[in-house]
Protein chains: 4
Amino acid sequence: MAGNSFGEIFRITTFGESHGPAIGVIVDGCPAGIEVDFEYIQRQLDRRRPGQSDLVTPRQEKDTVHIYSGLFDGKTTGTPIGMVIFNSDMRSKDYDNLKDLFRPGHADYTYFKKYGIRDYRGSGRASARETACRVAAGAIARKLLEDNGISIIGYLISIGTIKAEKRNLNEIGKNKVGCPDERAAQHMERLITQLKEEGDSTGGIVEVIAQGVPPGLGDPVYDKLSADLAKAMVSINAVKGVEIGDGFACTELRGSINNDVMSPDGFLTNHAGGILGGISTGNDIIVRVAIKPASSIKKTQHTITKEGVPIEFSVEGRHDPCVAIRAVPVVEAMMALTLADHLLRSKLSRVDY
Amino acid sequence: MAGNSFGEIFRITTFGESHGPAIGVIVDGCPAGIEVDFEYIQRQLDRRRPGQSDLVTPRQEKDTVHIYSGLFDGKTTGTPIGMVIFNSDMRSKDYDNLKDLFRPGHADYTYFKKYGIRDYRGSGRASARETACRVAAGAIARKLLEDNGISIIGYLISIGTIKAEKRNLNEIGKNKVGCPDERAAQHMERLITQLKEEGDSTGGIVEVIAQGVPPGLGDPVYDKLSADLAKAMVSINAVKGVEIGDGFACTELRGSINNDVMSPDGFLTNHAGGILGGISTGNDIIVRVAIKPASSIKKTQHTITKEGVPIEFSVEGRHDPCVAIRAVPVVEAMMALTLADHLLRSKLSRVDY
Amino acid sequence: MAGNSFGEIFRITTFGESHGPAIGVIVDGCPAGIEVDFEYIQRQLDRRRPGQSDLVTPRQEKDTVHIYSGLFDGKTTGTPIGMVIFNSDMRSKDYDNLKDLFRPGHADYTYFKKYGIRDYRGSGRASARETACRVAAGAIARKLLEDNGISIIGYLISIGTIKAEKRNLNEIGKNKVGCPDERAAQHMERLITQLKEEGDSTGGIVEVIAQGVPPGLGDPVYDKLSADLAKAMVSINAVKGVEIGDGFACTELRGSINNDVMSPDGFLTNHAGGILGGISTGNDIIVRVAIKPASSIKKTQHTITKEGVPIEFSVEGRHDPCVAIRAVPVVEAMMALTLADHLLRSKLSRVDY
Amino acid sequence: MAGNSFGEIFRITTFGESHGPAIGVIVDGCPAGIEVDFEYIQRQLDRRRPGQSDLVTPRQEKDTVHIYSGLFDGKTTGTPIGMVIFNSDMRSKDYDNLKDLFRPGHADYTYFKKYGIRDYRGSGRASARETACRVAAGAIARKLLEDNGISIIGYLISIGTIKAEKRNLNEIGKNKVGCPDERAAQHMERLITQLKEEGDSTGGIVEVIAQGVPPGLGDPVYDKLSADLAKAMVSINAVKGVEIGDGFACTELRGSINNDVMSPDGFLTNHAGGILGGISTGNDIIVRVAIKPASSIKKTQHTITKEGVPIEFSVEGRHDPCVAIRAVPVVEAMMALTLADHLLRSKLSRVDY
């Protein structure tokens, strides 16, 4: 069934595999009149692109976005925005030795069981290549939010067992892992280097904050803002968990502590991560996303072939020791898409709006 | 905007507030021919009902379900199943002192900001009363799954800082908290008693497992099985986090460990929690859900009135020190609803199905 | 698959069969703050109810609506509005002789082929009884529209070969068939009487006009206002055709005639029926709906049993010689539901709204 | 709001304006395993293309479809199919004199009122150019249907006041207007020639038949097959009416005539056009579509400018005297898309499927 769309009002639909000629996205339901230009979108895409530091894969994906519709004189027209990114640098031969086996931790097996087809060229539709479309579409959502005073920032708070102790947002751009804790960042960088040598990988946690979100976003009871953010985040490749505000940690607190006290000046704390009853409170929206260790590693692994025969193999090619680093702009994009959708939805909740 | 439906094919829509005359649910898209009777649905509802032990609220909600359509001769007909549960024992006067203030940790403030209306009778639509509809509808989903060899079991693995160390599923029914670890259960029961005395509350973590799920469920890239489960769980009242398989813990592992090795006899481990690339693997689906401390506590709290004036108050009435206990059948119901929807969806993925 | 919902933002979902205990509807996505009361809804329902004149079926359906949620202090709260209408006067025994055969022109055969079930008690879900839910929900939509200066009026313009030549809207309430042409109405009444005597039926055409609709409603290219109105109307029982503005007749015109000329004072004509490019022009929306002769007739008919054996039969019970008469409030309701949905949708088309 | 998608399971989303660089479509929810190739799709597109006879516009649109995803080894993979058609021969200068006025009968005015933007380059999103995407996507739906024994054929049954009296399907390909009545076709051709000389246009009626449709397609009560077909057809540019089976004519019949009698050998007549109670009967599905006279004519017309000043003008450029001729493949495509969606949906109506 059709599962390649996200959002109800501000709605994106994507297509494309990692080793086909192109990927693309249609943004439908974007209101007319948003000023948005090619450079703005391209800049967001460039943040996601591989090959930007020695810590991530050196694949060169140019990721130039082509905007085919929906903009006129630098503004959105209200009609669907069609964007295409052509694939290049697709070394399909890197995948020749994987043609007939199921890579553990990958979607090879499950796609084969679901669709009855083994498209062995890379990861096909399951590749993180698809997330470029999320970032391109997310850029437009982001512009809509910015025009409404809402900003989004994401960063890495852990790689493996190394955790950021600080949230120094000025630090994020200064290190190669995008971590808001200078010391932790140094340890993280060393770990990545070590993992590259070992031919192994590890996971990480991305935190993302939205500031300036007005109260009232979210549609109970099933389309709670928290529920839609959870779906948004877990729909990203390699994500295995999500939490809002204090998340799992709040289960250990007493209610008398966890309840965010309201004062005439607003909430005194934000354990809730900006969402109560599925609706935004006006406080910062805080979400954390758990990203598993990349499945593609150089280390020799055991698996089976399509015919069920055991086999040893090693993934050649150029892969990331920690995909969480490059996930940050994708997490931001999904936050932007979810908020843009709910910002629009919120205009319909009262007749006096 | 309409946010009170869940599911695409097997789709539920609910209505009703805690202090109105009735709540109800329409199950649409349920295939014809499922044998399901009143007793089966009522049994699931009875599991959720308050007043079953001295650890949970002594409110007496009879929760008798009335089935008005969609069944004939003990089988579903393919037409929508309408079910209504009348409210009783609604002591609205318990809420008189809350009429003009915003209870911290509650949805009072956010509903007021969103809809411009302060319905002070209990929590209205934000009340967990609505989850009775999920359980009633979930019972039908569960029957469809059972007929396909799929079973679901949920249990409590932590309350506050007390964690279950074991997963002895036989133990679950034997203690008042539904925990699969006898020793932990004893500590949990003591903690609940203590919290009642203190007039405070704490959170907990529910784990739910689905067994017998065939490979191939889930519709990448946005309607991944994991993404839809995340939305399902976070849509439940008081939920602040969700994880699949090893979840947040897997971020600390190496890829060489976290990758579940495939052998001719199947996967050797299940770090992935039964989902790869958003599609079920055939292994057990494992999900954990973080539930915050109940907001309603007897302890005196500070807050503000609708007019913004600081005020002290205490929630009278009969409330749960740990709502996670009663959340278990709701978590199971949301798992059942999500799987039933995707089981049906999966029939459309190949022309040879 | 779930097919019992209509609308995207202002969305209704219905349940119930003609011979079960109750039917009902959930209105989801209705904005908070609309003043609407029981009497207003009941009045619309009373217009649809059978037994109001000697020209329609004398069945006595009381059709008292019970509103279980979504209203507080006489206003909508933004949460789902649940309404239930209990069935009464269900003479199932009238259907005993139909138990094992397929009535021609009815949905007996197609429901049986689709769902594998023969619910022989009346027409079950296919009964026009379901339209009471449309009218109840439509009353709320209508109130929202009225508050925005939009009014809707429907009437009968033909029964069999008798056509209204005039559109004297004051005449509608004065005759038993609801026709805006006094002379035609007299002929229609005579025809109905004659058909009752013959035990036969005939069809009719309902015209519905919406006045005060602002320009800008409709979402090209698939959710054109005209397309959604077409779906709305053809989803009504017994409808076999729909047209907008001049409709089929405009195919015979020259473009130079059919193009509605614009002047500084607005459009000089309205061949388009108030919709251009799928978007409302600000002119009256004009729709006509073709309703087939009722399938249930006293006259002896030929058909086959479930086992395929030819059989003669006659439909006993109390049926309408022309269901188009009672269809008018249903057609109005579907117009109201479609316009309310698109009125809300239109608020999202521009950032400067 | 997002309105550029059609279908629930088999779902298309389109983008693109007539005078931008490209248009395109994503087909999502297409099952894996359908054999479909570029030539098959291109052939359908070539049928729609202008410039094929002297009766239609001589614009040369090459309409070469580029398939970017969703196919592997000649079969659909179950992942979204992305297709792009680049625009060429876009003589924007033809539109220079229309820049500041509203063409009567066009969507200029309504798009401007809705979106606040006047994209004067041709008709932008409202152009029939978009229908190329419907035809490309429809080709894939058509292949799915053919593999299930379902075929679709459309043809012109009237232009202006000239009506086809016969349904000689062999005749359709033999005349320039695609009419199944040789004599009528000759009159139609003459009328078109005359209209070209006059610089005027006229409307027409397209009839489309689907054969081999199994009983059981359609999801009451709102997603009736007839209702979804009505929406599909009225979503096409210039369509002002639709009818199923006898349609408006059946309103003049008696029930005793209009009821299609069932015999052991099936239905003896097909007044219902293959749909009863919103569900297919197994008989031919018959739909007729009313297409208004093209709005773009050479004849001098009166209108107003954006500023409301009266003005005379004439549409230069290359336009069709009767757009109904070229609408046939589009009508067929919408029939194919609707049936493919409902064919898939029908697999979910019973547990024994």
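Everything quoted here is computed from the prediction, not taken from an experiment.

1. A look at the overall build of chain A
For step 1, the next point in the chain: Tallying secondary structure elements over chain A gives seven helices and 18 strands in all.
For step 2, the next point in the chain: The C-alpha radius of gyration computed for chain A amounts to 21 Å, which stays within 12% of the reference 20 Å derived for 353 residues, consistent with globular compactness.
For step 3, the next point in the chain: In terms of overall dimensions, chain A has C-alpha extents of about 65 × 50 × 40 Å along its principal axes.
For step 4, the next point in the chain: Sorting the 353 residues of chain A into buried and exposed places 68% on the buried side.

2. Observations concerning the sheet that holds strand β10 (residues 204-211) of chain A
For step 1, the next point in the chain: Across the sheet, 10 strands lie side by side as β9(A)-β8(A)-β10(A)-β16(A)-β11(A)-β11(B)-β16(B)-β10(B)-β8(B)-β9(B); this open sheet has antiparallel pairing. The two strands at the open ends of the sheet, each matched to only one other strand, are β9 (162-163) of chain A together with β9 (162-163) of chain B.
For step 2, the next point in the chain: Of the pairings in the sheet, the one linking β10 of chain A to strand β16 (residues 285-291) of chain A comprises seven bridges and is antiparallel in character. Among the inter-strand pairings, V208 of chain A is bridged to a residue of β16 of chain A, identified as V287 of chain A.

3. Overview of the pairing of strand β16 (residues 285-291) of chain B
For step 1, the next point in the chain: β16 of chain B sits mainly inside the fold: seven of its seven residues count as buried.
For step 2, the next point in the chain: The side-chain alternation of β16 of chain B yields two buried faces, one formed by I285, V287, V289 and I291 of chain B and the other by I286, R288 and A290 of chain B.

4. Focus on the pairing of strand β2 (residues 11-15) of chain A
Residue and element names in this part refer to chain A.
For step 1, the next point in the chain: Within β2, five of the five residues are buried, leaving the element largely enclosed by the surrounding structure.
For step 2, the next point in the chain: The side-chain alternation of β2 yields two buried faces, one formed by R11, T13 and F15 and the other by I12 and T14.
For step 3, the next point in the chain: Relative to β2, strand β1 (residues 5-6) is paired through two bridges, and the arrangement is antiparallel. Directly across from F6, in β2, lies its bridge partner I12.
For step 4, the next point in the chain: Here β1 hands over to β2 after four residues, with G7 in that stretch at a positive phi of 100°.
For step 5, the next point in the chain: Bridge count between β2 and strand β3 (residues 22-28): five bridges; the pairing is antiparallel. Note that in β3 the partner of R11 across the bridge is D28.
For step 6, the next point in the chain: Where β2 folds back onto β3 in an antiparallel hairpin, the turn is made up of six residues, including G16, whose phi is positive at roughly 115°.

5. Regarding the interface of chain C and chain D
By convention, interface size is frequently given as the accessible area that disappears when the constituent parts associate.
For step 1, the next point in the chain: The partner chain D presents 111 residues to the 111 residues of chain C that form the contact.
For step 2, the next point in the chain: In total, about 8,400 Å² of surface goes out of reach between chain C and chain D, with carbon and sulfur atoms giving 59% of it.
For step 3, the next point in the chain: Where chain C meets chain D, there are 10 salt bridges.
For step 4, the next point in the chain: Note that K163 of chain D and E252 of chain C form a salt bridge whose closest N and O atoms lie 2.8 Å from each other.
For step 5, the next point in the chain: At the junction of chain C with chain D, the criterion picks out 51 residue pairs in polar contact (both at pLDDT 80 or more).
For step 6, the next point in the chain: Looking at the side of chain C that touches chain D element by element, the count peaks at seven residues for helix α2 (residues 108-115) of chain C.
For step 7, the next point in the chain: Taken together, the residues that form the side of chain C that touches chain D break down as 48 nonpolar, 39 polar and 24 charged.
For step 8, the next point in the chain: Across three bridges, strand β11 (residues 239-244) of chain C lies against strand β11 (residues 239-244) of chain D in antiparallel orientation. Each bridged residue has a counterpart across the sheet, and for G241 of chain C the counterpart in β11 of chain D is E243 of chain D.

6. Remarks on the relation of the copies chain C and chain D
For step 1, the next point in the chain: For the pair chain C and chain D, the superposition axis carries a translation of 0.0 Å, the fit reaches an RMSD of 0.0 Å, and the rotation angle comes to 180°. Considering both components of the superposition, the chain copies are consistent with a two-fold axis. Ranked by how close their C-alpha atoms come to the rotation axis, the residues of chain C are headed by K231 of chain C, at 2.4 Å.
For step 2, the next point in the chain: Both copies present the same face, since 100% of the interface residues in chain C are matched by interface residues at the equivalent positions in chain D.

7. Things to note about the packing of helix α3 (residues 131-146) of chain B against helix α7 (residues 324-346) of chain B
All names here are of chain B.
For step 1, the next point in the chain: Contact geometry of α3 with α7 gives a least axis separation of 8 Å together with a crossing angle of 45°. As summarised for this structure, α3 and α7 are arranged oblique, according to the angle between their axes. The interaxial crossing formed by α3 with α7 has left-handed handedness. Between α3 and α7, the residues in contact are T131, R134, V135, A137, G138, A141, R142, L144 and L145 and P329, V330, E332, A333, M334, A336, L337, L339, A340, L343 and L344, respectively.
For step 2, the next point in the chain: Of the residues contributing to the contact of α3 with α7, the split by class is 15 nonpolar, two polar and three charged.

8. A closer look at the side chain of N259 of chain A
For step 1, the next point in the chain: Of note, N259 of chain A is situated in the loop between α6 (255-258) and β12 (262-263).
For step 2, the next point in the chain: Its relative accessible area of 2% is what places N259 of chain A among the buried residues.
For step 3, the next point in the chain: In this view, N259 of chain A contacts T269 of chain A together with P104, G105, S295, I297 and Q301 of chain B; residues no more than four positions away in its chain are not counted.

9. Describing the sheet that holds strand β1 (residues 5-6) of chain C
Residues and elements named next belong to chain C.
For step 1, the next point in the chain: Pairing in this open sheet of five strands is antiparallel, and the strands run β1-β2-β3-β7-β4 from one edge to the other. In the strand order of this sheet, the two ends are held by β1 and β4 (65-67), each with one partner.
For step 2, the next point in the chain: This element, helix α1 (residues 38-48), spans β4 and β7 (81-86) of the sheet and lies at about 150° to β4.

10. Describing a negative patch on the surface
For step 1, the next point in the chain: Taken together, E8 of chain A, E8 of chain B, E8 of chain C together with E8 of chain D make up a surface patch of like negative charges.
For step 2, the next point in the chain: Structurally, E8 of chain B can be placed in the loop between β1 (5-6) and β2 (11-15).
For step 3, the next point in the chain: Of the residues examined, E8 of chain B reaches a relative accessible area of 34% and is grouped as partly exposed.

11. Digging into the packing of aromatic side chains
For step 1, the next point in the chain: Scanning the model with the defined rule gives 26 aromatic pairs over all chains in all.
For step 2, the next point in the chain: Pairing Y111 of chain D with Y115 of chain D gives two aromatic rings, centres 5.6 Å apart and planes at 50°, and the pair type is tilted. Within this pair, Y111 of chain D and its partner Y115 of chain D are both found in helix α2 (residues 108-115), separated by four residues, close to a single helical turn.
For step 3, the next point in the chain: For Y111 of chain D, a relative accessible area of 11% gives the class buried.
For step 4, the next point in the chain: By relative accessible area, which is 7% here, Y115 of chain D ends up buried.
For step 5, the next point in the chain: Three or more aromatic residues joined by ring pairs make a cluster, and in this case those are F102, Y109 and F112 of chain A together with F267 of chain B.

12. Re the environment of P329 of chain B
Residue and element names in this part refer to chain B.
For step 1, the next point in the chain: The residue P329 is located in helix α7 in this model.
For step 2, the next point in the chain: Classification of P329 as buried rests on a relative accessible area of 6%.
For step 3, the next point in the chain: For the pair P329 and L45, spaced 284 residues apart in sequence, the C-alpha separation works out to 8.3 Å.
For step 4, the next point in the chain: When neighbours within four sequence positions are excluded, P329 is seen to be in contact with R47, R48 and V135.

13. Re the interface of chain D and chain A
For step 1, the next point in the chain: On the chain A side, the residues contacting the 41 residues of chain D number 41 residues.
For step 2, the next point in the chain: In total, about 3,300 Å² of surface goes out of reach between chain D and chain A, with carbon and sulfur atoms giving 70% of it.
For step 3, the next point in the chain: Sorting the residues of chain D by area buried against chain A places F15, Y68 and F72 of chain D first, and these three jointly supply 20% of that buried surface.
For step 4, the next point in the chain: At the junction of chain D and chain A, the tally comes to zero salt bridges.
For step 5, the next point in the chain: Along the contact surface separating chain D from chain A lie eight residue pairs in polar contact (both at pLDDT 80 or more).
For step 6, the next point in the chain: For the side of chain D that touches chain A, the elements supplying multiple residues, two or more each, are β2 (11-15), β3 (22-28), β7 (81-86) and α2 of chain D.
For step 7, the next point in the chain: For the side of chain D that touches chain A, the leading source of residues is β2 of chain D, giving four residues.

14. A few points about helix α2 (residues 108-115) of chain B
For step 1, the next point in the chain: Most of α2 of chain B is tucked away, with six of its eight residues classed as buried.
For step 2, the next point in the chain: Along α2 of chain B, the positions that sit buried rather than exposed are D108, Y109, T110, Y111, K114 and Y115 of chain B.
For step 3, the next point in the chain: Lining the buried residues of α2 of chain B we find β12, β13 (266-267), β14 (275-276), β15 (279-280) and α7 (324-346) of chain A.
For step 4, the next point in the chain: A positive phi of about 75° marks G116 of chain B, the residue just after α2 of chain B.

How each quantity is defined
Residues numbered from 1 in each chain as written. Chains lettered and ligands numbered in written order. Predicted model: local features only at pLDDT ≥ 70, side-chain atom pairs only at ≥ 80, totals over all residues. Heavy atoms only, no water. Helix = DSSP H or I, 4+ residues; strand = E, 2+ residues; numbered from the N terminus. Rg over C-alpha atoms; globule rule 2.2 N^0.38 Å. Buried < 20%, exposed > 50% of the residue type's maximum accessible area, 1.4 Å probe, protein only. Pairing = 2+ DSSP bridges. Contact = heavy atoms within 4.5 Å. Buried area = accessible area lost by both parts, 1.4 Å probe. Salt bridge = Lys/Arg side-chain N within 4 Å of Asp/Glu carboxyl O. Polar contact = N/O pair within 3.5 Å; in protein donor to acceptor, adjacent residues only side chain to side chain. Nonpolar A, V, L, I, M, F, W, Y, C, P; charged D, E, K, R; others polar. Least-squares fit on C-alpha atoms with pLDDT ≥ 70 in both. Axes fitted to C-alpha atoms, helices over the stretch in contact; angles between N-to-C directions. Parallel < 35°, antiparallel > 145°, perpendicular 65-115°, else oblique. Left-handed = near helix turned anticlockwise from the far one by under 90°. Patch = residues over 30% accessible without salt bridge, like charges linked within 9 Å, V, L, I, M, F, W, Y side chains within 5 Å. Areas by Shrake-Rupley, 256 points an atom, 1.4 Å probe, with all protein chains shown as cover. Lys, Arg positive; Asp, Glu negative; His and termini not counted. Charge placed at Lys NZ, Arg CZ, Asp CG, Glu CD. Phe/Tyr/Trp six-rings, centres within 6.5 Å; stacked < 30°, edge-to-face > 60°.

Interpretation note: all reported values are geometric properties and have no functional meaning in isolation.
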